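Below are the chains, spelled out letter by letter.
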Amino acid sequence: MKNELIVNAKPISNFSEDVRTIRTNIEFLMSEKEEGNKVFLITSTSQGEGKSFVISNLACAFAKNDKKVLIIDCDLRLGRIHKIFKTSFRDGLSNLIAKYDGRVNINNYIKHTNIENLDIITRGTTPPNPSELLGSDRFKKILDKLYKKYDYIFIDCVPVRGLPDSLVVSNLVDKTIIVCKYGIIDQDDLLETKKAL
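Residues numbered from 1 in each chain as written. Predicted model: local features only at pLDDT ≥ 70, side-chain atom pairs only at ≥ 80, totals over all residues. Heavy atoms only, no water.

### So, the overall build of the chain
The following threshold applies: The helix and strand labels rest on DSSP assignments: H or I over at least four residues marks a helix, E over at least two residues marks a strand, and numbering proceeds from the N terminus. Note that the radius of gyration is over C-alpha atoms, with the globule rule given as 2.2 Å times the number of residues to the power 0.38. Each residue is assigned to one of three classes by its accessible area relative to the maximum for its type, calculated with a 1.4 Å probe on protein chains only: buried under 20%, partly exposed between the two thresholds, exposed over 50%. Note on definitions: a residue-residue contact is assigned when non-hydrogen atoms from the two residues lie within 4.5 Å. Areas reported here follow the Shrake-Rupley algorithm with a probe of radius 1.4 Å; residue values treat only the protein chains shown as occluding. The convention is simple: Lys and Arg are positive, Asp and Glu are negative, and His and the chain ends are not counted. By convention, the charge on Lys lies at NZ, on Arg at CZ, on Asp at CG and on Glu at CD.
Within the chain, the regular secondary structure consists of 9 helices and 6 strands. Against the 2.2 N^0.38 benchmark of 16 Å for 197 residues, the chain shows a C-alpha radius of gyration of 16 Å, consistent with a compact globule. Each of the three principal axes of the chain carries a C-alpha extent, and together these read 45 × 40 × 40 Å. Out of the 197 residues belonging to the chain, those deemed buried represent 46%. Once local pairs closer than 6 in sequence are excluded, the contacts in the chain between residues at least 24 apart make up 78%. When the accessible area of the chain is evaluated, it comes to approximately 10500 Å², of which 48% is carbon and sulfur surface. Charged side chains of the chain number 30 positive and 26 negative; the gap between the two group centres comes to 5 Å.

Below you can see the structure in the form of structure tokens.
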């Protein structure tokens, strides 16, 4: 299985430098905000545009800059953050939301990675109602708890086209980043995605 964490495996590469440039741009974008943590939704127009790949490397770049970072896999259907970090998807977000009553220990669902300062919450067992779980008060309360624990939270969610999940989650974050694959997505489709968000 190939290593998709290029920022970690090949820090001296053009790709890693590009990711660090994006990190700097995001930090600049957020520099005028009041003190506090930052939550980003990462989505795309369609499947296969590389959002999980991008979010994993971007989070890695922030973690290597001495920031405490969390990736939450909110793609409860096909999320693959667990594959990138070579762990199990079980005991993840869907399980946490389903069981959360304010007394559940969230730390039991956080997986530490081999990259210092970088943790993940995998997608968990595929539920019958992903958008309802992500729009629930329980998920909002979980995010509130995590907000206090991390400097940056990156949320990987489903593509916008055809599914409501990213639209639901976009109301809970500070900023949304749309990943698009050059030569694959039509500009009009990308504008429709932006309009929907």
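### Notes on the sheet that holds strand β4 (residues 118–121)
Where strands meet in a sheet, backbone hydrogen bonds hold them as pairs that are either parallel or antiparallel. Cut-off, in case you're wondering: Strands were regarded as paired on the criterion that DSSP finds at least two bridges between them. Helix axes use the C-alpha atoms of the stretch in contact, all axes being lines fitted to C-alpha atoms, and the angles between their N-to-C directions lie in the range 0 to 180 degrees.
Across the sheet, 6 strands lie side by side as β3-β4-β2-β5-β1-β6; this open sheet has mixed pairing. A strand with exactly one partner marks an edge of an open sheet, and here the two such strands are β3 (111–112) and β6 (175–179). Together, β1 (38–44), β2 (69–73), β4, β5 (152–156) and β6 form the strand contacts of helix α3 (residues 51–63), whose direction differs from that of β5 by roughly 170 degrees.

### Structural notes on the environment of Tyr147
Considering the arrangement of structural elements, one finds Tyr147 in helix α7 (residues 137–147). Taking the C-alpha atoms as reference, Tyr147 lies 16 Å from Lys111; in sequence the two are 36 residues apart.

### Remarks on the packing of helix α2 (residues 14–30) against α3
Filter applied, for reference: Each angle gets one of four labels, with under 35 degrees taken as roughly parallel, over 145 as roughly antiparallel, 65 to 115 as roughly perpendicular, and the rest as oblique.
Running from N to C, α2 and α3 point in directions that differ by 75 degrees, and their axes come no closer than 9 Å. Comparing their axes, α3 and α2 come out roughly perpendicular. Mapping the contact onto sequence places Phe15, Val19, Ile22, Arg23, Ile26 and Glu27 in α2 and Phe53, Asn57, Leu58, Ala61 and Phe62 in α3.

### Focus: the side chain of Asp73
Our working definition: The term polar contact refers here to a pair of N or O atoms within 3.5 Å; inside protein, the definition further demands a hydrogen-donor-capable atom paired with an acceptor-capable atom, and it admits residues adjacent in sequence only when both atoms are side-chain atoms.
Assignment of secondary structure puts Asp73 in strand β2. From its side chain, Asp73 meets the backbone nitrogen of Ile81 in a polar contact 3.1 Å long. Setting aside its immediate chain neighbours within four residues, Asp73 contacts Gly79, Arg80, Ile81, Leu93, Ile121, Thr122, Arg123 and Asp156.

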